[in-house]
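Coordinate analysis (summary)
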Amino acid sequence: MAKPIVAVVGRPNVGKSTLVNRITQKPRAIVHEIEGVTRDRTFHDAEWNGFEFTLCDTGGIEVGNSEDVFQTKIREQAITAIEEADAIIFMTDSKTGVTEEDEVVARILKRSQKPVFLVVNKCDTVKHESSAYDFYSLGLGEPFPISAAHGNGTGDLLDRIVEILPRFDEIEKEAEQAEELKVAIIGRPNAGKSSLLNKLCGTERSIVSDVAGTTRDTVDTLVEYEGKYYRLVDTAGMRKRSVVHDNLEYYSYVRAERSLERADVALVVIDATLGVTDQDQRVAGMAEEAGCGIIILLNKWDLVTDPERREEITQDLQTKLQFVSYAPVIRISALTGRSIGRIWDALDDVAASCATEISTARLNKLLTELREFGHTVTKGKKQLKMNYVTQTGVKPPIFTIFVNAPELVTDNFRHYIENRFRNEFEFVGAPIRFKFKKKA
């Protein structure tokens, strides 16, 4: 069985994401005084007194007319979180008291038949704590007065929650983690990342919209496909940092970067109707720099019907993304599902390449051939000589070459060595790194 899930629900701006960050002890959820920052349901690892569980943060449930065009989708995501959860934290606000929206959420939770913990947040003073008793009127039992910002009362709340959660099989957890492949779905805004995630999951896992910037948090989903586990991470659209002025967008950008740091493979989604843009180059460059395996996905390919335009895009891809020419390219339609099945095999192939280990004997056989070919670097009276090579890392593969004068190594020579290695060994979709060290 998977780790038990605790969903955090409530109306907007009652402190749900603040509580999630307090419990996980990491600033995973975006917190801002603006209402409606959280849209998708997001999952975060949590632990209390040695017991592990998953926290699910959700968007605020509103009633009546809302200016947020995503409110219907946000509500659907929150309802789905309630259905999936083993227990529910219902967040309210002591400073505003019981509201109509609280009553609506309470009715939804009563119908769910799930264990509900009624939490009254922002109880920073004795006055606010005493007002918590007003929330008995919601009919959900004893309220827990807490301060998510300062941590007051959260320990007692967690003690009660873990008492009723189903036990998690540690052996199954370790097996699942060992086989899990982490995949980041990245791209500039409105390239079709969330649509792709939903198609891979076979469900409306993320909110999908044609409004650029719909996704703010990173959204993790564990998917099983043909007996293998893949953790898919949908990220916010990544724009050039210098043009990111909004605080919320900046936080989303940082989280997307962090997703790349922990990913095994990055799916770089490009909108084929617009061709390869400068921002697509930057996004691919970020994945390469992070050391992820890379797969290029040309999304919306079915909408490009002109043969000349298709050829132009293909040429642009080879030119503008030449620095990741090792990455396989798959032409897909996230909307219709065209060629989506090919992604799973590509993920396995790229992950295997990133974990490739080559024997020292094979490496030095190639090094001997390189020396015999005679291509090297000369500066004045100095000439670069390569003596020995060994592999010193994986994910990505790292090779250390011992030479007489590391300072002579140029970028062109690095590219030459990389090309020879790629011609000799299988590194599909995998970046490779070279370190040149002086022979002792």
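Below, the structure is looked at part by part.

So, the side chain of glutamine 279
- Relative to the elements of secondary structure, glutamine 279 occurs in helix 9 (residues 278–290).
- We classify glutamine 279 as buried; its relative accessible area is 11%.
- For glutamine 279, the side chain forms a polar contact with the side chain of arginine 282, separated by 2.9 Å.

Let's talk about the pairing of strand 11 (residues 293–299)
- The element strand 11 is extensively covered by neighbouring structure, given that seven of its seven residues are classed as buried.
- With seven bridges connecting them, strand 10 (residues 265–271) and strand 11 associate as parallel partners. Paired with alanine 266 across the strands is isoleucine 294, a residue of strand 11.
- A crossover connection joins strand 10 to the parallel strand 11 through helix 9; in handedness this β-α-β unit is right-handed.
- The pairing of strand 11 with strand 12 (residues 329–331) spans three bridges and is classified as parallel. Within the sheet, the bridge partner assigned to leucine 298 lies in strand 12 and is arginine 331.
- On the question of chirality, the crossover connecting strand 11 to the parallel strand 12 by way of helix 10 (residues 307–320) is right-handed.

Quick look at the packing of aromatic side chains
- This model, assessed by the stated rule, comprises 13 aromatic pairs.
- Between phenylalanine 399 and phenylalanine 427, the aromatic rings sit 6.0 Å apart at their centres with planes inclined by 75 degrees, giving edge-to-face as the arrangement. Note that phenylalanine 399 is positioned in strand 16 (residues 398–403) and phenylalanine 427 in the loop between helix 13 (411–424) and strand 17 (433–438), a separation of 28 residues in sequence. Of the two residues, phenylalanine 399 and phenylalanine 427, neither departs from the other in class, the shared state being buried.

Some remarks on unusual backbone geometry
- Each neighbour pair has its own omega, and for lysine 395 with proline 396 the value is 0 degrees, a cis peptide bond.
- Relative to the helices and strands, proline 396 is located in the loop between strand 15 (386–393) and strand 16.
- Positive phi outside glycine occurs at asparagine 13, with the angle close to 65 degrees.
- Structurally, the position occupied by asparagine 13 is in the loop between strand 1 (5–10) and helix 1 (16–24).

Description of helix 10
- Over its 14 residues, helix 10 extends 20 Å from the first C-alpha to the last, a length consistent with the 20 Å expected when each residue adds 1.5 Å.
- Residues of helix 10 that are buried: Ile313, Thr314 and Leu317. Relative to the axis of helix 10, the buried residues are bounded by an arc of 100 degrees and lie together on one face. Exposed side of helix 10, more than 90 degrees from the buried face: Glu308 and Thr319 are the residues found there.

A look at the sheet that holds strand 17
- Taken together, three strands build an open sheet; the order of strands is 15-16-17 and the sheet is mixed. Looking at the sheet topology across the chains shown, the edges are occupied by strand 15 and strand 17. Shown here is a sheet whose adjacent strand axes are inclined to one another by a mean of 25 degrees, direction ignored.
- Here helix 13 sits on the sheet and contacts strand 15, strand 16 and strand 17; the angle it forms with strand 17, its principal contact strand, is near 120 degrees.

Considerations on the nonpolar core
- One finds Leu196, Leu267, Leu347, Ile417 and Phe421 to be the most contacted residues of the largest nonpolar core, which totals 52 residues.
- Among the elements that line this core, the one with the most residues is helix 11 (residues 341–354), at seven residues.

As for the environment of glycine 393
- If you trace the backbone, glycine 393 turns up in strand 15.
- Residue glycine 393 is classed as buried on the basis of its relative accessible area, which comes to 17%.
- Along the backbone, glycine 393 and arginine 433 are 40 residues apart, and their C-alpha atoms lie at a distance of 9.0 Å.

Re the sheet that holds strand 1
- Read across the sheet, six strands follow the order 2-3-1-4-5-6 without closing on themselves; strand pairing throughout is mixed. Since the sheet does not close on itself, it has two edges, and those belong to strand 2 (42–48) and strand 6 (144–145), each with one partner.
- Two elements, strand 5 (residues 116–121) and strand 6, share two bridges in a ladder whose sense is parallel. Among the inter-strand pairings, valine 119 is bridged to a residue of strand 6, identified as phenylalanine 144.
- Across the face of the sheet, helix 3 (residues 100–112) comes into contact with strand 1, strand 4 (87–93) and strand 5 while running at roughly 170 degrees to strand 4.

A short note on helix 12 (residues 360–373)
- The end-to-end C-alpha distance of helix 12 is 20 Å, a good match for the 20 Å that 14 residues give at a rise of 1.5 Å each.
- Of all the residues in helix 12, the buried ones are Leu363, Asn364, Leu366, Leu367 and Leu370. Looking straight down helix 12, one finds that the buried residues subtend no more than 155 degrees of arc, so they occupy a single side. Exposed side of helix 12, more than 90 degrees from the buried face: Ala361, Lys365 and Glu372 are the residues found there.
- Along its buried surface, helix 12 packs onto strand 15, strand 16 and helix 13.
- Once helix 12 finishes, glycine 374 follows within two positions and takes phi at roughly 95 degrees, a positive value.

As for the environment of methionine 386
- Inspection of the secondary structure puts methionine 386 in strand 15.
- Each C-alpha atom of the pair methionine 386 and proline 406 lies 9.5 Å from the other, and the pair is 20 residues apart in sequence.
- In this structure, methionine 386 is in contact with Leu367, Leu370, Arg371, Ile401, Phe402, Val403, Phe413 and Ile417, ignoring residues within four places of it in sequence.

A word on the packing of helix 12 against helix 13
- Viewed as axis vectors pointing N to C, helix 12 and helix 13 meet at an angle of 125 degrees, and their least axial separation amounts to 11 Å. With respect to helix 13, the axis of helix 12 lies oblique. In this structure, helix 12 meets helix 13 at a crossing whose hand is right-handed. Facing Arg362, Leu363, Leu366, Leu370 and Phe373 of helix 12, the residues of helix 13 in contact are Tyr416, Ile417, Arg420, Phe421 and Glu424.
- Its residues placed into classes, the contact of helix 12 with helix 13 shows seven nonpolar, no polar and three charged.

Reading the values: rules and limits
Residues numbered from 1 in each chain as written. Predicted model: local features only at pLDDT ≥ 70, side-chain atom pairs only at ≥ 80, totals over all residues. Heavy atoms only, no water. Helix = DSSP H or I, 4+ residues; strand = E, 2+ residues; numbered from the N terminus. Buried < 20%, exposed > 50% of the residue type's maximum accessible area, 1.4 Å probe, protein only. Polar contact = N/O pair within 3.5 Å; in protein donor to acceptor, adjacent residues only side chain to side chain. Pairing = 2+ DSSP bridges. Right-handed = clockwise from strand over helix to strand, strands pointing away. Phe/Tyr/Trp six-rings, centres within 6.5 Å; stacked < 30°, edge-to-face > 60°. Expected span 1.5 Å × (residues − 1). Arc of directions from axis to C-beta. Axes fitted to C-alpha atoms, helices over the stretch in contact; angles between N-to-C directions. Contact = heavy atoms within 4.5 Å. Core = buried A, V, L, I, M, F, W, Y, C linked by side-chain atoms within 4.5 Å. Parallel < 35°, antiparallel > 145°, perpendicular 65-115°, else oblique. Left-handed = near helix turned anticlockwise from the far one by under 90°. Nonpolar A, V, L, I, M, F, W, Y, C, P; charged D, E, K, R; others polar.

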